Amino acid sequence: MNEPRAESVTPTAGPGVGAAPAAWPTGRLLSAAARQVERAWDAYLERWSLTHATLPVLAVLAGGPHSQREIAQALKVTEQTTSRMLGGLERTGYVRRERHATDRRRHVVALTETGRTTLGALDDPATVERLVAASLSAEQVGELRALLLHMLEGGPPTA
């Protein structure tokens, strides 16, 4: 018995798929640029076994020990996500879980000396700025920062 042959179908591109970036909507440009910066940032952080997602945990803990819930709230992520990040950071020796100083039923997460040293080592402002602004002039970086701050201060967009 002969099976029906599948006809060759050429997929059609959706709106803007084949378009050059100059024709993309602003949101798509911003998203693509953010992914590019994120990849560069992750490549930089990889030497310390960190990512753009785990680094803020160290930054929060640089101010002192916090509960997992407090870390999640500070980072605006779920406690489950925070738990996974803390597990990795604990395995690399950057954080430790310890009993709360006054409430022995609670645990807090603290930055280790290794975590504090690592945080200091990777915080080279010139290197970090180059990851984002390698192709921009100082004036363009200033304009970009002003626009991004304006967007963030305006709050999330509404539909």
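Residues numbered from 1 in each chain as written. Predicted model: local features only at pLDDT ≥ 70, side-chain atom pairs only at ≥ 80, totals over all residues. Heavy atoms only, no water.

Student: Describe the overall build of the protein, listing the residues and the values that go with them.
Tutor: Assigned secondary structure in the protein consists of 7 helices and 2 strands. Helices and strands appear in the protein in the N-to-C order α-α-α-α-β-β-α-α-α. Expressed as a percentage of the 159 residues in the protein, the buried residues total 23%. Pairs at least 24 apart in sequence give 43% of the contacts found in the protein among residues at least 6 apart. Counting only carbon and sulfur atoms, one obtains 56% of the accessible surface of the protein, whose full area is about 11700 Å². (Helix = DSSP H or I, 4+ residues; strand = E, 2+ residues; numbered from the N terminus. Buried < 20%, exposed > 50% of the residue type's maximum accessible area, 1.4 Å probe, protein only. Contact = heavy atoms within 4.5 Å. Areas by Shrake-Rupley, 256 points an atom, 1.4 Å probe, with all protein chains shown as cover.)

Student: Before we move on, could you go through the layout of surface pockets and cite the residues and values that matter?
Tutor: There is about 1100 Å³ of room inside the largest pocket. Taken together, 24 residues make up the lining of the largest pocket; nearest its centre are L30, V37, V132, L144 and L148. Mapped onto the lining of the largest pocket, the elements with two or more residues apiece are α1 (26-45), α6 (125-133) and α7 (138-153). The element contributing the most residues to the lining of the largest pocket is α7, with 10 residues. (1 Å grid on protein atoms, 1.4 Å probe; cavity = no way out; pocket = protein on both sides within 12 Å on 5 of 7 lines; lining within 4 Å. Points joined across faces, edges and corners; volume = space filled by probe spheres on them.)

Student: Describe in detail the pattern of salt bridges, supporting the description with residues and values.
Tutor: On inspection of all chains with the given rule, the structure shows 3 salt bridges. For R97, the salt bridge goes to E90, with nearest N and O atoms at 2.9 Å. With relative accessibility at 36%, the residue R97 sits in the partly exposed group. Residue E90 is classed as partly exposed on the basis of its relative accessible area, which comes to 33%. In this structure, E98 and R96 form a salt bridge, with 2.9 Å as the shortest nitrogen-oxygen distance. (Salt bridge = Lys/Arg side-chain N within 4 Å of Asp/Glu carboxyl O.)

Student: Before we move on, could you go through α1 and cite the residues and values that matter?
Tutor: Taking 1.5 Å per residue, 20 residues should reach 28 Å; α1 reaches 28 Å between its end C-alpha atoms and fits that length. Every buried residue of α1 is listed here: A32, W41, Y44 and L45. Summarising the contacts, the buried residues of α1 are in contact with α2 (55-61), α5 (113-122) and α6. (Expected span 1.5 Å × (residues − 1).)

Student: Tell me about unusual backbone geometry, residues and numbers included.
Tutor: Phi angles above zero are rare outside glycine, and S49 is one such case at about 60°. Position of S49 among the secondary structure elements: in the loop between α1 and α2. Take S49: its relative accessible area is 53%, and that puts it in the exposed class. We note that K76 has phi near 60°; this positive angle belongs to a residue other than glycine. Mapped onto the elements, K76 comes out in the loop between α3 (68-75) and α4 (79-91). The exposure class of K76 is exposed, given its relative accessible area of 75%.

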